[in-house]
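Descriptive analysis of the structure
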Amino acid sequence: MSNTATQLPEDIKNAMRAKDTTALNALRALKSALTNAAIEKGGLGTELEESEVLAVVRKQIKQRVDSCEQFEKAGRPELAATEKTEIEILSRYLPAALTEAELLVIIEQAVTDTGASGKADMGKVMKRAQELAEGRADGKLLSAAVMKRLG
């Protein structure tokens, strides 16, 4: 069982004890999303690998980022603030992000591995760069850096 999946129930208990409803809501939603992902993978009780767990966490964060933007456009700053707090809580489960220098090294490695020569090879380079980054880099940031390198 992955570290994140084993840590989650304990974090839920701690949020209950602290009466932190925002954290509790975010963690319960994450647990539910993990359960759904496990069911999709192979049925109830199927264990997810750490990479799959992290993908679910990223998806939950992305949903909250989108919601936050919508709330801000609608003039609901209190709801946007709640979403931002939930993003911070869920971000604790992600590995540390890559530094800019590490990101450039990964992109160079991806270009070398794929033999890319121009923008036409963007897809191949992105696929390899995402594999090398192991989810530690934001997709938009990675895409922009690859485009700059190939451009």
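Structure report, in brief.

Criteria and thresholds
Residues numbered from 1 in each chain as written. Predicted model: local features only at pLDDT ≥ 70, side-chain atom pairs only at ≥ 80, totals over all residues. Heavy atoms only, no water. Axes fitted to C-alpha atoms, helices over the stretch in contact; angles between N-to-C directions. Helix = DSSP H or I, 4+ residues; strand = E, 2+ residues; numbered from the N terminus. Parallel < 35°, antiparallel > 145°, perpendicular 65-115°, else oblique. Left-handed = near helix turned anticlockwise from the far one by under 90°. Contact = heavy atoms within 4.5 Å. Nonpolar A, V, L, I, M, F, W, Y, C, P; charged D, E, K, R; others polar. Salt bridge = Lys/Arg side-chain N within 4 Å of Asp/Glu carboxyl O. Buried < 20%, exposed > 50% of the residue type's maximum accessible area, 1.4 Å probe, protein only. Core = buried A, V, L, I, M, F, W, Y, C linked by side-chain atoms within 4.5 Å.

Turning our eyes to something else, we now look at the packing of helix H2 (residues 21-42) against helix H4 (residues 77-91). Where H2 meets H4, the closest approach of the two axes is 9 Å, and the angle between their N-to-C directions is 60 degrees. Taken together, the axes of H2 and H4 lie oblique to each other. Note on packing geometry: the crossing formed by H2 with H4 is right-handed. Of the residues in H4, those touching H2 at Thr22, Ala23, Asn25, Ala26, Leu27 and Leu30 are Thr82, Thr85, Glu86, Ile89 and Leu90. Looking at the contact of H2 with H4 residue by residue, the class counts come to six nonpolar, four polar and one charged.

Its place among the elements puts Val53 in helix H3 (residues 50-73). For the pair Val53 and Thr4, spaced 49 residues apart in sequence, the C-alpha to C-alpha distance is 7.2 Å.

With that settled, the discussion passes to the pattern of salt bridges. This structure, assessed with the given rule, holds 10 salt bridges. Across the salt bridge formed by Lys41 and Glu52, the nearest N and O atoms sit 3.0 Å from each other. Taken together, the residues Lys41 in helix H2 and Glu52 in helix H3 connect sequence positions 11 residues apart. For Lys41, a relative accessible area of 41% gives the class partly exposed. Put simply, Glu78 and Arg76 hold a salt bridge, and the shortest N to O gap is 2.6 Å. Relative accessible area serves as the criterion here: at 38%, Arg76 is assigned to the partly exposed category.

What follows deals with the nonpolar core. Of all hydrophobic cores here, the largest spans 21 residues; its most connected members are Leu8, Leu27, Leu30 and Leu34. Mapped by element, the contributors of at least two residues to this core are helix H1 (3-17), H2, H3 and H4. Among the elements that take part in this core, H2 stands out by supplying nine residues, more than any other. Beyond its immediate sequence surroundings of up to four residues, Leu34 is in contact with Leu8, Leu48, Val53 and Val56. If you look at the next biggest cluster of nonpolar residues, it comprises 17 residues, including Leu103, Ile106, Ala110 and Val146.

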